[in-house]
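Overview (structure and organization)
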Amino acid sequence: MGFYVVQALTGLASASALFLAAAGLSIIFGVTRIVNFAHGVFYMLGAYMAWTLTSQFGDSVLGFWLALIVASLSIGVVGLLVELTVLRRIYQAPELFQLTATFGVFLILQDVTLAIWGPEDLLGPRAPMLDGSVTVLGHPLPSYDLALIVLGPLVLAGLWFLFYRTRWGALVRAATEDREMLGALGVNQRLLFSTVFFLGTALAAFGGAAQLPKGGADLLMGLNILASVFVVVVVGGMGSIPGAFLAALLIAQLNAFGILIFPQGTLVLMFLVMAVVLVIRPKGLLGKAEGASRIESRALIEAAYPAPGVWERSFWALAIAALALLPLAGDAFALVLTKDILLFVLLAASLHFLLGPGGLVSFGHAAFFGCGAYAAALLVTYAESSMVLALLLAPLLAGCVAIIVGWFCVRLSGVYFAMLTLAFAQVLWSIVFQWTSVTGGDDGLLGVWPDTWANDDTVFYYLVTVLAIGGILLLRQAVHSPFGFATRAGRDSMLRAEALGLHVKQVQHVAMVFAGALAGLAGALYAFSKGSAFPDYMGIEMSFDSLIAVMLGGVQSLLGPLFGAGLFSWAAHELSTLSYWRGILGLLIVVLVLAFPRGLAGIPAAFRAARERLA
Amino acid sequence: MAEPLEVQSLNSYYGSAQALFDVSLQVAPGEAVVLLGRNGAGKSTTLKSIMGLVPRREGRLRFGERDIAAMQAYRIARLGLGYVPEERRVFAALTVEENLLVGQKEQTKSGDGRTNPWSFERLFQLFPNLAELRGRLGGHISGGEQQMLTIARTLMGNPSLLLLDEPSEGLAPIIVQQLGAAIKELKDMGLSLLLSEQNLKFASAIGDRAYVLESGHVRFAGTVDQLLADEEGRRRWLSL
């Protein structure tokens, strides 16, 4: 009995840090409507900053807690600077650009952290007076856990007071409903946004700082907390602070007890709860239905995709001819690089099908790429399947996973959809990562080589080229098929499309399965190309790389993902020799988004405007 | 003393579609001006353009000495323009009292140095129904009560010119009567009014002068009495 009580108390303690971070994200989203991917990095920075400050002043009780608070506030200031320099300029930009920009900020700050504190994991300090343990019903419980248990409700009460008993709080809640009206009443939104962003960031940093004595600080914690925080915010109801508290308790208890029953699957349990909650209450536990209509995603760039003209046809002819002739050049490395690029282009093209014609912003598309890779690798490893059979089955299996994932996801829209896709991808990633006995965990599955007939570099190169180009052309055909028209109709006006008799959700579901299967094909080919499958293939970074590629090329054009992905993987290849290449990439993304807030497709218009100004 | 509003050759756009064409109008201090026209004539767009709430507008917009053509909405509001939107846009998750609190501006004196005569008590005198609803959520009160709340919320900011967008729309006749009385009281207090309406009877009871809009163009400018006398014009621009 005592053991279970202690386990529950441990769960309560970890709920606190989770709640702090989730509350911060929820507040920021509520007011600015930006899903802030940089949030995880602020959580991490809070921990690092607290580590530095407590090592200086953390010997006394007062010094320790002051160090945590000062660390949180100073990271709040960093957040404020990000808001002033980056976010402030893109509040009117399309959703996808905002996400990409905050992810760029994530990459930059991640590398800044690496540069300042180094790659080693840092051990958390002991909190003065709280470094021992207390005995609860005969079982020991770290005293610091008690402090954390108190901290959560304390912050909740403080936030409640702030939001429900001050004018500032009333303004913030009003802003979550109708920002424009608030402006018309004389409220300076910029100031409000900045203060909200400061508070949200400081809360995330406080979450990271508070868990420091328990979990220490490492460079992965930012990315790791993101998925949990998203789950908490979505389960609790976007924008609801009490909801975030409730959900944090639920998820943390689930982790505390889940680890006893099912140690390999804590993340899976978390997801299952989210799935159940969202099926019963699509707006989360305490999410409000009234706000729902305003959460609808801002008009995605409504692209018409004209039929291919002479220019595009000649591009295809040239590209195919160049790819066919490439092996004649005799440069083995060029073949490897081109193979990689082609597969990444196929992945990006399949994601583009969801984003562009489908209007579905998926944050977890790499999941299907990874599923394809693992399907192939598992078939080869355990069933001694031939490559041909594996290449046939892998897209089907990835498509089957997409059937399940899609069934849940298409019930939601906009930001909820995006978060759910990310959560599913993280779950799949964690299954692969944690189920070591089958998937090899972090070590991956090795020895996934092509059949003997295709083992020759040139033959396999042609195989990849034919299948990748075939997949891309299939996606292209689909856009101009009745099915493609239906997806675009659902994107541009759900109500009108439904009034015409289209089952929009079903169309979206089919689109996800179609895109998932093609991503699976790319993944399977990639596994055979590399001879292995690793959890990274379905990681957040892979999902984001493909998102960035699509965004770089422009959602409006069917050739966009081709150029974007090509450019991205070439740049990644060139930059990856540099030690801070991810940070540099982040910087490039942010600059690009700031310079062209309407997207690459907006570049001609931007130049036209500049010329008019000069004239 | 209130400031005059002067709008000259206002052109407004939604994307590439132009909604207003060379709209010109004036509101003198203490004057009540009505803006008439059918649905889609551009009444709401005119008020939103003055308030800085449309994506793109061009033309000369002055409030007193200030050029407000390129100003953001919140600055325009702080100069003393109060906007009451057609859809009411009450904050549904906030209580009636919190809605009023949001309308209050940071400074006790507005931009032109007038002290704010409005308090909760004063507003509850003007709109007695609101007094007992103080703690109710904005989303949980009737349409008529929301209309009063949205006017009261704007008054909390102590405007000298009130832009009212179809306040009588969709309300029961008895509520329209109460509202008319309250608006007249505001006029008597010296507030300037620019009121858009489809209800000619309601408008003529309040307005001194009138403008009639049709497809984004001003078709008539004159006194309310002149408009009432112009049967032909009324049929052409206003009747359904």
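Residue positions are given per chain, counting from 1 as you read along its sequence in written order. Working convention: letters from A go to chains and numbers from 1 go to ligands, in the order in which they are written. Residues qualify for local features only when their pLDDT is at least 70, as the model is predicted, and side-chain atom pairs are given and counted only at 80 or more; totals for whole chains, interfaces and linings, by contrast, use all residues. With hydrogens and water excluded, all non-hydrogen atoms of the structure serve as input to the side-chain values.

**Regarding the overall build of chain A**
On a plain count of helices and strands, chain A comes out with 27 helices and 4 strands. Taking 25 Å as the expected radius of gyration for a compact globule of 615 residues, we find that chain A reaches 25 Å, a close match to that expectation. In terms of overall dimensions, chain A has C-alpha extents of about 70 × 65 × 50 Å along its principal axes. Buried residues in chain A amount to 59% of all 615 residues. When contacts within chain A are restricted to residue pairs at least 6 apart in sequence, those whose partners lie at least 24 apart make up 81%. Strands are runs of DSSP state E lasting at least two residues, helices are runs of H or I lasting at least four, and both sets are numbered from the N terminus onward. In this description the radius of gyration comes from C-alpha coordinates, and the expected globular size is given by 2.2 Å times residues to the power 0.38. Buried, partly exposed and exposed residues are distinguished by accessible area as a fraction of the type maximum, computed with a 1.4 Å probe on protein chains only: under 20%, between the cut-offs, and over 50%, respectively. By the convention used here, residues are in contact when the closest approach between their heavy atoms is within 4.5 Å.

**Quick notes on unusual backbone geometry**
Non-glycine residue Met129 of chain A carries a positive phi angle of around 70 degrees. A positive phi angle, near 45 degrees, is found at Ser9 of chain B, a position not held by glycine. Turning to its location among the elements, Ser9 of chain B is positioned in strand β1 (residues 5-14).

**Quick word on the pattern of salt bridges**
Salt bridges are counted wherever a side-chain nitrogen of Lys or Arg sits within 4 Å of a carboxyl oxygen of Asp or Glu. Under the criterion given, the structure shown has 20 salt bridges over all chains. The closest approach of N and O atoms between Arg89 of chain B and Glu180 of chain A, which form a salt bridge, is 2.8 Å. In this pair, Arg89 of chain B is assigned in the loop between β6 (81-84) and α3 (96-103) and Glu180 of chain A in helix α7 (residues 179-184), connecting two distinct chains. Looking at Arg89 of chain B, the relative accessible area reads 14%, which means it is buried. Between Lys187 of chain B and Asp208 of chain B there is a salt bridge, with its nearest N and O atoms 2.9 Å apart. Taken as a pair, Lys187 of chain B in helix α7 (residues 173-188) and Asp208 of chain B in the loop between α8 (200-206) and β9 (209-214) lie far apart in primary sequence, 21 residues in all. For Lys187 of chain B, a relative accessible area of 21% gives the class partly exposed. Counted as one network, the salt bridges with shared partners bring together Asp178 and Glu180 of chain A together with Arg89 of chain B.

**Regarding the domain arrangement of chain A**
All names here are of chain A. The domain boundaries here were taken from an automatic or database domain assignment. On domain assignment, one finds that chain A holds domain 1 (2-226) and domain 2 (334-575). Taken over C-alpha atoms, the centre of domain 1 sits 33 Å from the centre of domain 2. Facing 10 residues of domain 1, the contacting portion of domain 2 comprises 13 residues. With both chains or domains summed, domain 1 and domain 2 bury close to 1,300 Å², and 89% of this area falls on carbon and sulfur atoms. Here domain 1 and domain 2 share 0 salt bridges between them. As used in this structure description, the phrase polar contact means that two N or O atoms lie within 3.5 Å; if the pair is within protein, one of them must be able to donate a hydrogen and the other to accept it, and residues adjacent in sequence are counted only when both atoms belong to side chains. Run the count over domain 1 and domain 2 and you get 0 residue pairs in polar contact (both at pLDDT 80 or more). Counting residues per element, the side of domain 1 that touches domain 2 draws most heavily on helix α4 (residues 95-117), at 6 residues. Amino acid classes used here: Ala, Val, Leu, Ile, Met, Phe, Trp, Tyr, Cys and Pro are nonpolar; Asp, Glu, Lys and Arg are charged; the rest, including Gly, are polar. Broken down by class, the residue content of the side of domain 1 that touches domain 2 amounts to 8 nonpolar, 1 polar and 1 charged. Once two parts are joined, some of their accessible surface, as seen by a 1.4 Å probe, is lost; buried area is that loss totalled over both.

**Side note on the nonpolar core**
Nine residue types can take part in a nonpolar core, namely buried Ala, Val, Leu, Ile, Met, Phe, Trp, Tyr and Cys, and a core is a set of them joined through side-chain atoms within 4.5 Å. Of all hydrophobic cores here, the largest spans 254 residues; its most connected members are Phe19, Phe37, Phe42 and Leu159 of chain A together with Leu5 of chain B. Three or more residues apiece are contributed to this core by two domains, here domain 1 (2-226) and domain 2 (334-575) of chain A. In this structure, Leu159 of chain A is in contact with Phe19, Ala23, Ile27, Leu199, Leu203 and Ile241 of chain A, ignoring residues within four places of it in sequence. Within the second largest apolar cluster, 44 residues are counted, among which are Leu133, Ile151, Leu162 and Ile175 of chain B.

**What to know about the pairing of β9 of chain B**
All names here are of chain B. Think of it this way: DSSP has to see at least two bridges between two strands before they count as a pair. Summarising the sheet, strand β3 (residues 32-36) and β9 pair through 4 bridges and their orientation is parallel. Bridge pairing in β9 links Leu35 to Tyr211. Of the pairings in the sheet, the one linking β9 to strand β10 (residues 217-223) comprises 6 bridges and is antiparallel in character. Along β10, the bridge assignment pairs Glu214 with His217.

**Focus: the confidence of the model for chain B**
The score called pLDDT rates the predictor's confidence residue by residue, from a low of 0 to a high of 100. On average, residues of chain B score 90 in pLDDT, and 95% of them are at 70 or above. Mean pLDDT across the elements of chain B ranges from a minimum in helix α10 (residues 231-237) of chain B, with 87, to a maximum in strand β7 (residues 161-165) of chain B, with 96.

**Looking at the side chain of Ser362 of chain A**
Residues and elements named next belong to chain A. Mapping Ser362 onto the fold places it in the loop between α15 (332-355) and α16 (366-383). Relative accessible area serves as the criterion here: at 1%, Ser362 is assigned to the buried category. In this structure the side chain of Ser362 is engaged in a polar contact, spanning 3.3 Å, whose partner is the backbone nitrogen of Gly364. Beyond its immediate chain neighbours, meaning those up to four positions away, Ser362 contacts Leu351, Leu354, Leu355, Phe417, Thr421 and Leu547.

**Description of helix α8 (residues 189-210) of chain A**
All names here are of chain A. Over its 22 residues, α8 runs 31 Å from end to end, which matches the ideal 32 Å to within 8%, given 1.5 Å per residue. Here α8 lies mainly inside the structure; 17 of its 22 residues are buried. The N-terminus of α8 is capped by Asn188, whose side-chain oxygen sits 3.1 Å from the backbone nitrogen of Arg190. Any helix carries an expected span of 1.5 Å times its number of residues minus one.

**Remarks on the packing of aromatic side chains**
Pairing of aromatic rings covers Phe, Tyr and Trp, the last counted by its six-membered ring, and requires centre-to-centre distances within 6.5 Å; plane angles under 30 degrees mean stacked, over 60 mean edge-to-face, and any other angle means tilted. Tallied over the full model, the rule gives 34 aromatic pairs over all chains. Here Phe120 of chain B and Phe124 of chain B contribute two aromatic rings whose centre-to-centre distance is 6.3 Å and whose plane-to-plane angle is 40 degrees, an arrangement assigned as tilted. Placement of the pair is Phe120 of chain B and Phe124 of chain B together in helix α4 (residues 120-126), with a separation of 4 residues, close to one helical turn. Classification of Phe120 of chain B by relative accessible area gives buried; the value is 16%. In textbook terms, an aromatic cluster arises when at least three aromatic residues are bridged by ring pairs, as seen for Phe37, Phe103, Phe106, Phe230, Phe363 and Phe544 of chain A. In this structure, Arg411 of chain A packs its charged tip against the face of Trp407 of chain A, placed 3.9 Å from the ring centre. Lysine and arginine charges are scored as sitting over a ring when NZ or CZ, respectively, is within 6 Å of the ring centre and within 35 degrees of the ring normal. A cation sits over an aromatic face here: Arg56 of chain B above Tyr13 of chain B, 4.0 Å from the ring centre.

**Concerning the layout of surface pockets**
All names here are of chain A. Put simply, the second largest pocket is a space of about 1,200 Å³. Asp536, Glu541, Met542, Asp545 and Arg582 are the residues nearest the centre of the second largest pocket, which is lined by 40 residues in total. Mapped onto the lining of the second largest pocket, the elements with two or more residues apiece are α4, α10 (221-236), α15, α18 (414-434), α23 (504-530), α24 (540-553), α25 (560-575) and α26 (581-595). For the lining of the second largest pocket, the element with the most residues is α15, which contributes 7 residues. In terms of residue class, the lining of the second largest pocket is made up of 23 nonpolar, 9 polar and 8 charged. The rule is simple: put a 1 Å grid over the protein atoms alone, call a set of points where a 1.4 Å probe fits but cannot get out a cavity, call an open set with protein on both sides within 12 Å along at least five of seven lines a pocket, and count a residue as lining if it has an atom within 4 Å of a point. Grid points are joined across faces, edges and corners, and a volume is the space filled by probe spheres set on the points.

**Some words on the confidence of the model for chain A**
The pLDDT averaged across chain A works out to 87; a share of 94% of its residues lies at or above 70. Confidence over residues 290-301 of chain A falls short of pLDDT 50; this stretch has 23 contacts with residues more than four positions distant or in other chains.

**With respect to the packing of α15 of chain A against helix α20 (residues 457-479) of chain A**
Residues and elements named next belong to chain A. Running from amino to carboxyl end, α15 crosses α20 at an angle of 20 degrees, the nearest separation of the two axes being 10 Å. By the angle between their directions, the pair α15 and α20 is classed as roughly parallel. The hand of the α15/α20 crossing is left-handed. Together, Leu335, Thr338, Lys339, Leu342, Leu343, Val345, Leu346, Ala349, Ser350 and Phe353 of α15 and Thr458, Phe460, Tyr461, Val464, Thr465, Ala468, Ile469, Gly471, Ile472, Leu475, Ala478 and Val479 of α20 make up the contact between the two elements. Across the contact of α15 with α20, the residue classes tally to 16 nonpolar, 5 polar and 1 charged. To get an axis, fit a line to the C-alpha atoms, keeping to the stretch in contact for a helix; angles then go from 0 to 180 degrees between the N-to-C directions. Roughly parallel means an angle under 35 degrees; roughly antiparallel, over 145; roughly perpendicular, 65 to 115; everything else is oblique. We call a crossing left-handed when the near helix sits turned anticlockwise from the far one by less than a right angle, and right-handed when that turn is clockwise.

**As for the interface of chain A and chain B**
The accessible area lost on association of the parts is a frequent measure of interface size. Every contact between the two is made by 17 residues of chain A and, on the other side, 23 residues of chain B. Taken together, the two surfaces of chain A and chain B that pack against each other cover about 2,000 Å², and 55% of this comes from carbon and sulfur. When the buried surface of chain A facing chain B is broken down by residue, Arg167, Met181 and Leu185 of chain A rank first, second and third, together holding 31% of it. On inspection of chain A and its partner chain B, the count reaches 3 salt bridges. Across the pair Glu98 of chain B and Arg173 of chain A runs a salt bridge, and its minimum N-O distance is 2.5 Å. In this structure, the connection of chain A to chain B is made through 11 residue pairs in polar contact (both at pLDDT 80 or more). Listing elements by their share of the side of chain A that touches chain B, those giving two or more residues are α6 (167-177) and α7 of chain A. For the side of chain A that touches chain B, the per-class residue count stands at 9 nonpolar, 3 polar and 5 charged.

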